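Single-letter residue listing:
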Amino acid sequence: MPHNFAIGNQDRHRGIKLSARETDARLGRVIRVLMGYPTVVISGTKLAQEIGVTRSEVWRLVQSLRTLGVKIEGHPSSGYQLTAVPDLLLPEMLEPVLRGTIFGSNIHHYYRAGSTNTIALEDAAGGAPEGSIYLAEQQTSGRGRGSNTWHSAESTGIYCSVVLRPNLPPSDVLVLTLATGLAVQAAIQEIDSRVLADLKWPNDVLISGKKVCGILTEMSSEATRVRHIVVGIGINANHTEFPAELEPIATSLRLTTGTEWSRVELCAALLKSLDREYKKLLTGPESHPDILRRFEQHSSSARGREIFIEENPELRGTTEGLDDRGFLRIRTREGLKPIYSGTVRFK
Ligand code: BTN
């Protein structure tokens, strides 16, 4: 599918990437109107009235949507009809299902962004409210932990960043990452109960030992207080292939089940699940032991697994669960040690 640079109407992120323009809101409106009349052909005049544009503008918007893979039949003289519900992560698709969560009212969509985390961090620093979410169909500079990149093929995965403003000390932010893993795991299982995803401390979700999701938590804080947090979640949903170097270590939901996943359904389930986990976390430090216990329960490697830390291979031992701050403990020759950072590798 070609990228459509012409469909952005807001140059809000000029400083970052020219292509990181928020999606023209009128595209979502066209889809919303068409979805409101699923079985009828709607005339160009009516569509134009409902959206508040001219008929020729409607035609241009319809053409833009078609290049993005949205199946719309018809033309200006006959009228238009949606032939399939589009699987685009547009605000119009998500808003109705996210009502009642903190994620329902500030949804930003990009056809092409550098990194949704970078955009979310910039907006958060500029005052974006808690619960703002940033979704991209494609990322050109998707970021992972450390200096890793995140493979972000177009309209196959979920590339989502959320802004949170919890009243937490920075030391509790690890628990939020762990809770996000639980939210991802639950969302996947809610959609297909056969898929048992495995959590790998601190930020990976695996299926059959391969990575299906990564979480990147970034924050701005003072010594004792978080200003804002951005949690970025990348899920390999409908990838059918990966670049050669990722092939041995990455998988997708589609490769796992052999079926296409609705990204809209998965994204909605994820954000609803994250909303529940986040609200639990905010009830106070009493909620932490429960999150840590559930993380251990859903992680086959949190206990009794021989591991080493990639960045510091001398640091090796057998996992013995999480400590009360959420750090992974390993039994080494010198005794029990917490792992504060680094990539866990299995021996
Ligand atoms: C990792 O496994 O190292 C974390 C990967 C996080 C990827 C997501 S995709 C959405 C958000 N935007 C980014 O640039 N990264 C995160």
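Data block above holds the structure.
Figured I'd write up the structure that's included with this text. Here the structure is a predicted model, which means the values were calculated and not measured. What you see as residue numbers is a count from 1 along each chain, following the sequence as written. Only residues with pLDDT of at least 70 get local features here, since the model is predicted, and only at 80 or more are side-chain atom pairs given and counted; chain-wide, interface and lining totals rely on the full set of residues. Side-chain numbers here rest on the full set of heavy atoms in the structure, without hydrogens or water.

**Overview of the packing of aromatic side chains**
Pairing of aromatic rings covers Phe, Tyr and Trp, the last counted by its six-membered ring, and requires centre-to-centre distances within 6.5 Å; plane angles under 30 degrees mean stacked, over 60 mean edge-to-face, and any other angle means tilted. Counting across every chain of the model gives 1 aromatic pair. Arranged with centres 4.8 Å apart and planes meeting at 80°, the rings of Phe327 and Tyr340 form a pair that is edge-to-face. A residue pair is termed long-range when its members are at least 10 positions apart, and Phe327 in the loop between β13 (312-322) and β14 (328-332) and Tyr340 in the loop between β15 (335-339) and β16 (344-346) qualify at 13 residues. Accessibility here uses a 1.4 Å probe with only protein chains present; expressed as a share of the type maximum, an area under 20% marks a residue as buried, one over 50% as exposed, and anything in between as partly exposed. Overall, the relative accessible area of 16% leaves Phe327 in the buried class. In this structure, Lys200 packs its charged tip against the face of Phe346, placed 5.8 Å from the ring centre. Each ring is checked for a lysine NZ or an arginine CZ that lies within 6 Å of its centre and within 35 degrees of its normal; such an atom marks a charge sitting over the ring. Over the face of the ring belonging to Phe346 we find Arg305, whose NZ or CZ atom lies 3.9 Å from the ring centre. Strands here are runs of E lasting at least two residues and helices are runs of H or I lasting at least four, both read from the DSSP assignment and numbered beginning at the N terminus.

**Section: the sheet that holds β13**
Two strands form a pair only when DSSP identifies at least two bridges running between them. Sheet architecture is open: 5 strands sit in the order β15-β14-β13-β12-β16, paired in antiparallel fashion. A single partner strand is all that each edge strand has here, and the edge strands are β15 and β16. Between one strand axis and the next, the sheet turns through 45° on average, direction left out of account. Relative to β15, β14 is paired through 5 bridges, and the arrangement is antiparallel. Residue pairing for β15: Ile330 is matched across the bridge by Lys337. To obtain an axis, a line is fitted to C-alpha atoms, over the contacting stretch when the element is a helix, and the angle between two such axes runs from 0 to 180 degrees between their N-to-C directions.

**Let's talk about the site of the ligand**
For this purpose, a residue is taken to be near a molecule or strand whenever a single non-hydrogen atom of the residue falls within 4 Å of it. Close to the ligand lie 21 residues, the nearest being Ser115, Gln139, Arg143, Arg145 and Lys211. Within the side chain of Ser115, one N or O atom sits 2.7 Å away from an oxygen atom of the ligand. A pocket, in this scheme, is an open set of points on a 1 Å grid over the protein atoms alone with protein on both sides within 12 Å along at least 5 of 7 lines, while a cavity is a set where a 1.4 Å probe fits but cannot get out; residues line either one if an atom lies within 4 Å of a point. For a cavity or pocket, the test is whether more than half of a molecule's atoms lie within 2 Å of its grid points; if they do, the molecule sits there. Judged by the fraction of its atoms near the pocket grid, the ligand is located in the largest pocket. Residue contributions to the shell around the ligand peak at 4 residues, all from strand β10 (residues 210-221). Within 3.5 Å is the distance limit for a polar contact, defined as a pair of N or O atoms, with the added protein rule that one can donate a hydrogen and the other accept it, and that residues adjacent in sequence qualify only through two side-chain atoms.

**Topic: helix α2 (residues 44-51)**
Along α2, the positions that sit buried rather than exposed are Gly44, Leu47, Ala48 and Ile51. For α2, the arc enclosing every buried residue in end-on projection is 100°, short of the 170-degree limit, so these residues lie on one face. The inward-facing, buried residues of α2 abut α1 (25-36), α3 (55-67) and β4 (79-82). Here the arc refers to the directions that run from the helix axis out to each C-beta atom. Note on contacts: a residue pair qualifies if any of its non-hydrogen atoms lie within 4.5 Å across the two residues.

**Comments concerning the environment of Ser301**
Looking at where Ser301 falls in the secondary structure, it is placed in the loop between α9 (288-297) and β12 (303-309). Taking the relative accessible area as the measure of exposure, Ser301 reaches 6% and is therefore buried. Taking the C-alpha atoms as reference points, Ser301 and Glu137, 164 residues apart in sequence, are found 32 Å from one another. Here Ser301 is in contact with Leu199, Lys200, Thr319 and Phe346, once residues within four sequence places are set aside.

**Here's the deal with empty space enclosed by the protein**
Any empty space left between the atoms is revealed when a probe the size of a water molecule rolls over them. Grid points are joined across faces, edges and corners, and a volume is the space filled by probe spheres set on the points. Enumeration over the complete set of coordinates arrives at 2 cavities of 30 Å³ or more. The calculated volume of the second largest cavity comes to roughly 40 Å³. The wall of the second largest cavity is formed by Lys200, Trp201, Ser301, Ala302, Ile307, Thr319, Leu328, Val344 and Phe346. Here the term charged refers only to Asp, Glu, Lys and Arg, the term nonpolar to Ala, Val, Leu, Ile, Met, Phe, Trp, Tyr, Cys and Pro, and the term polar to all other amino acids, Gly among them. The class makeup of the residues in the lining of the second largest cavity is 6 nonpolar, 2 polar and 1 charged.

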